[in-house]
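# Residue-level structure breakdown
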Amino acid sequence: MLLQTNFSTYDQRARKLAKFCNEVSSAASDTVSVTKSFKVDDRVSWNSEAGRVSGTIIRVHTRNFDVEGYTHHASMNAPQYEIKSAKTDHIAFHKGSALNKLHD
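Just so you know, these numbers come straight off a predicted model, no measurement behind them.

Once that is clear, we can look at the environment of Val-53. Its place among the elements puts Val-53 in strand S2 (residues 51–61). Sequence spacing of Val-53 and Thr-88 is 35 residues, and the spatial spacing of their C-alpha atoms is 9.9 Å. If near-sequence neighbours (up to four positions away) are discounted, Val-53 is found in contact with Val-44, Ser-45, Trp-46, Ser-48 and Ser-85.

If you want it as structure tokens, here you go:
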């Protein structure tokens, strides 16, 4: 009987926790997401392993695309930006959330 009661209490707690998690998840998906959008020729900066880098957007990708065997995921709602570094001419790909617009 004791074992049965412990499982029953555990089940009740587990159900309460699951209900709470579902409510939190539902509330999080209802929040409005503000996405940053940029256009070609915008000057932007981003963090890299070497520190803060800046460059110019040269292309906006709104569909998945491949670069050197790697698929970058992009859509109309979550574009990827192709950016040419101002110092090294290196080409980088980033989502808008990783970028900050530079004002001249």
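A few words now on the environment of Asn-100. With respect to the secondary-structure elements, Asn-100 resides in strand S7 (residues 100–101). For Asn-100, a relative accessible area of 35% translates into the label partly exposed. Taking the C-alpha atoms as reference, Asn-100 lies 5.3 Å from Ser-45; in sequence the two are 55 residues apart.

Rules used in this analysis
Residues numbered from 1 in each chain as written. Predicted model: local features only at pLDDT ≥ 70, side-chain atom pairs only at ≥ 80, totals over all residues. Heavy atoms only, no water. Helix = DSSP H or I, 4+ residues; strand = E, 2+ residues; numbered from the N terminus. Contact = heavy atoms within 4.5 Å. Buried < 20%, exposed > 50% of the residue type's maximum accessible area, 1.4 Å probe, protein only.

Interpretation note: all reported values are geometric properties and have no functional meaning in isolation.
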